[in-house]
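Observations on chain architecture
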Amino acid sequence: MVDNTLPDSSSNKKQLHLWEQAARRQQATAIAHPNIAFIKYWGNEDDGLRLPANPSLSMNLGSLYTKTTVTFDQSLPNDTLTINHQAVTGPALKRVTTSLDLIRAEASLQLAAHIESESNFPIGSGIASSAAAFAALSVAGAAAAGLHMDEAALSRLARRGSGSASRSVPAGYCRWDTGTDLISIATSIAPPEYWGLRDLVVIVSQEHKAVGSTGGHQLAQTSSLQAARVAGVAKRLQVCQEALLARDLSTMGPIIEEDAIIMHAVMMSSRPPLYYWNPTTMAIIQATQQWRSEGLGVYFTIDAGPNVHLICEACQAEAVIAAARKIPGVKDVIASEPGGSARLVA
Ligand code: DP6
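Heads up: these notes are all about the structure in this document. Everything quoted here is computed from the prediction, not taken from an experiment. (Residues numbered from 1 in each chain as written. Predicted model: local features only at pLDDT ≥ 70, side-chain atom pairs only at ≥ 80, totals over all residues. Heavy atoms only, no water.)

Observations concerning the sheet that holds strand β5 (residues 56-60)
What holds strands together in a sheet is hydrogen bonding between their backbones, with the strands either parallel or antiparallel. Spatial strand order, β2-β5-β10-β11: 4 strands in an open sheet with antiparallel pairing. Two strands close off the open sheet at either side, each with one partner strand: β2 (35-39) and β11 (186-190). Pairs of neighbouring strands in the sheet enclose a mean axial angle of 35°, with direction left out of account. Bridge count for β2 against β5 is 4 bridges, and the pairing is antiparallel. Within β5, the position partnered with I39 by the bridge is L57. (Pairing = 2+ DSSP bridges. Helix = DSSP H or I, 4+ residues; strand = E, 2+ residues; numbered from the N terminus. Axes fitted to C-alpha atoms, helices over the stretch in contact; angles between N-to-C directions.)

The following block contains the structure:
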């Protein structure tokens with residue numbers, strides 16, 4: 001766990017200074033927040049480039065973050081990686097090296113790097129850790145390599161590492177569009193302060209999932225429901241975006257629940273099927289309906305795991321957290337407000 005207080009480095013002038021300093025030192029530290037999708041990304045048009053089958057919409061989670069330092073070092077024969085102070089090799093290091101290779105190619109740089117990454121939230125907890133990880137890696141890596149990338153270029157770079165990471169680059173509420181490699185990027189549709197929604201992540205399991213998102217995306221096409229899901233996304237996204245911009249949770253809530261359930265129907269009907277829920281997941285879904293009938297404005301969404309994200313207005317968060325903690329099988333509830341963009345902090 002890392003210190004929760006983040007230095008205020010968000011002004012443009014400070015960022016510019018940090019980018020210049022990083023290029024001189026060939027070292028940079030960036031933070032990025034994970035995000036929760038209200039309209040989900042599931043399945044790719046192109047797995048290698050991570051061009052999504054459909055557009056998606058999300059909120060950055062401001063209380064949670066990954067902090068990553070990239071140091072290019074001529075004495076290193078290969079990239080090295082630590083996650084939460086533990087040395088990591090194998091597929092996780094390979095994935096990081098592949099992302100850094102894109103940066104090295106663009107910067108005509110041949111140096112290996114040391115990458116140190118730490119998060120203040122449990123990895124594999126149904127909070128998209130790869131989104132924050134690859135957004136922070138892209139910003140720190142690009143800066144340390146001396147590249148001057150704008151937000152669109154950083155979002156594209158982050159997307160190549162993990163699709164949902166494209167949405168952790170801009171601030172607040174973000175939409176990631178489909179299209180070619182150059183235009184499939186995420187942009188902010190509203191800053192964090194536009195609407196103080198809360199995401200309450202109800203942890204029911206901290207186990208690593210058997211099939212991660214990358215493997216899941218590749219199975220999406222094997223479900224006979226995927227084509228129908230993708231065909232309906234444009235309409236759901238439009239309703240969701242309009243409701244979000246109108247700060248209308250009673251319109252937005254049912255749409256985000258529907259979108260999550262349709263994605264899980266695709267997962268469960270893939271070959272082989274992906275069942276991410278456990279009995280406590282279902283208990284929370286049912287409790288959410290009960291709480292609504294009792295007057296709480298709370299809605300659920302679920303990513304590729306058993307944990308449930310409860311979305312509500314700030315004024316109801318305390319009541320929802322108390323109610324969620326009473327459900328047998330609930331291990332913890334992690335609350336977050338909307339978060340800012342991926343940015344350099346040193
Ligand atoms: C269910 O972005 O984690 O959370 O591109 O393979 O890293 P990779 O997949 P990832 O997929 C996220 C899937 C999701 C829905 C979403 O966040 O939109």
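After that view of the structure, there is still more to cover.
Quick word on the environment of I83
With respect to the secondary-structure elements, I83 resides in strand β7 (residues 80-83). Overall, I83 belongs to the partly exposed group, its relative accessible area being 27%. Contacts of I83, omitting those with residues within four sequence positions, involve V88, S117 and I123. (Buried < 20%, exposed > 50% of the residue type's maximum accessible area, 1.4 Å probe, protein only. Contact = heavy atoms within 4.5 Å.)

Notes on the nonpolar core
In this structure, V70, F72, L100, I115 and L344 are the most contacted members of the largest nonpolar core, which totals 36 residues. The set of elements that each furnish at least two residues to this core consists of α1 (12-25), β1 (27-32), β6 (66-72), α2 (91-107), β9 (113-119), α3 (129-144) and α4 (151-161). Considering every element that reaches this core, the biggest residue donor is α3, with 9 residues. Once residues within four sequence positions are removed from consideration, F72 is found in contact with Q26, L100, R104, L109, L111, A112, A113, G141, A144 and A145. In terms of nonpolar packing, the next biggest core, distinct from the first, is built from 28 residues, L64, L197, L249 and I311 among them. (Core = buried A, V, L, I, M, F, W, Y, C linked by side-chain atoms within 4.5 Å.)

A look at the packing of α2 against α3
Axis separation between α2 and α3 bottoms out at 10 Å; the angle between their running directions is 35°. Along this stretch, α2 crosses α3, giving a crossing that reads as right-handed. Counted together, R95, V96, S99, L100 and I103 of α2 and S130, F134, L137, S138, G141 and A142 of α3 form the full contact between these two elements. Of the residues that constitute the contact of α2 with α3, the class distribution is 6 nonpolar, 4 polar and 1 charged. (Left-handed = near helix turned anticlockwise from the far one by under 90°. Nonpolar A, V, L, I, M, F, W, Y, C, P; charged D, E, K, R; others polar.)

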